[in-house]
Amino acid sequence: MIESAIEAAARAQVLRAAFHTVEEHSRGAKALAAAMGVQHKTLLNKVNPNQTSHHLSLQETLRLMQVTKDTRVMDALAEVLGGQFICSPDVGQGDPKLMQDLAEMTMRFGELMREVANDIADTEISNSELARIEKEADQLRSALHRLLVDLRSMNLRQRKCEGLEVL
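Each value, and the rule that gives it
- Residues numbered from 1 in each chain as written.
- Predicted model: local features only at pLDDT ≥ 70, side-chain atom pairs only at ≥ 80, totals over all residues.
- Heavy atoms only, no water.
- Helix = DSSP H or I, 4+ residues; strand = E, 2+ residues; numbered from the N terminus.
- Buried < 20%, exposed > 50% of the residue type's maximum accessible area, 1.4 Å probe, protein only.
- Contact = heavy atoms within 4.5 Å.
- Areas by Shrake-Rupley, 256 points an atom, 1.4 Å probe, with all protein chains shown as cover.
- Patch = residues over 30% accessible without salt bridge, like charges linked within 9 Å, V, L, I, M, F, W, Y side chains within 5 Å.
- Salt bridge = Lys/Arg side-chain N within 4 Å of Asp/Glu carboxyl O.
- Core = buried A, V, L, I, M, F, W, Y, C linked by side-chain atoms within 4.5 Å.

**With respect to the overall build of the protein chain**
The secondary structure content of the protein chain amounts to 7 helices and 0 strands. Walking the protein chain from its N terminus toward its C terminus, one meets helices and strands in the order α-α-α-α-α-α-α. Burial status across the protein chain gives 28% buried among its 167 residues. A fraction of 59% describes how many contacts in the protein chain between residues 6 or more apart in sequence connect residues 24 or more apart. Accessible surface, the protein chain: about 11,500 Å² in total, of which carbon and sulfur atoms supply 57%.

So this is what it looks like as structure tokens:
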């Protein structure tokens, strides 16, 4: 089967992200390979954009991202699929701050709506305007995520207190 130019470009974009993740790892490619449990040269071959006989497996790709804490491969995959990868904020297991979460989410929603309203006033959306809108939307998603985590935590505590089975 002949690969289309679009498919080839998408594959190259994801492979470049893996290559840069390995090449720019703070402890070096050798230490990264050891942490992943693969041979150094094998890892280099698997992320080499000019190498066609070696490929990262799904498990190796996941391990690469887990070890490096680098999301460039995930970012590239999401972009190729027309989406965007957003890391969920690290929400602690402390007491929920529901009112604070609600206020934050409401504020972020207002900021998003204000940005959209300002940017569509001239009936055009520039690259910089779109980037600002996407940033505001990401901040709203993060605020909503924090609220949902706290609500789930509250629900879980309540079910435990009532002696209900926790799913």
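So that's the structure; there's more coming.
**So, a nonpolar patch on the surface**
Taken together, the side chains of L144, L148, L151 and M154 present a nonpolar region at the surface, about 300 Å² in accessible area. With respect to the helices and strands, L148 occurs in helix α7 (residues 127-161).

**Here's the deal with the nonpolar core**
Across soluble globular proteins, nonpolar side chains show a tendency to be buried alongside one another. Core analysis: the largest hydrophobic core is formed by 15 residues, its most contacted members being V22, L32, M36, L43, L64 and V73. If you list the elements that add at least two residues to this core, you get α1 (5-23), α2 (29-36), α3 (40-47), α4 (58-68) and α5 (72-80). Non-local contacts of L43, meaning those with residues more than four positions away in its chain, are made with V22, A29, L32, A33, M36, V38 and L56. Counting residues in each nonpolar core, the second largest holds 8 residues, with L98, L112, L140 and L147 among its members.

**Here we look at the pattern of salt bridges**
If you walk through the whole model with that rule in mind, you get 9 salt bridges. E104 is paired through a salt bridge with R108; the nearest N and O atoms lie 2.9 Å apart. Taken together, the positions of E104 and R108, both in helix α6 (residues 98-120) and 4 residues apart, correspond to about one turn of that helix. Among the residues examined, E104 registers a relative accessible area of 24% and is labelled partly exposed. Between D119 and R132 there is a salt bridge, with its nearest N and O atoms 3.3 Å apart. Taken together, the residues D119 in helix α6 and R132 in helix α7 connect sequence positions 13 residues apart. Exposure remark for D119: the relative accessible area of 3% places this residue in the buried category.

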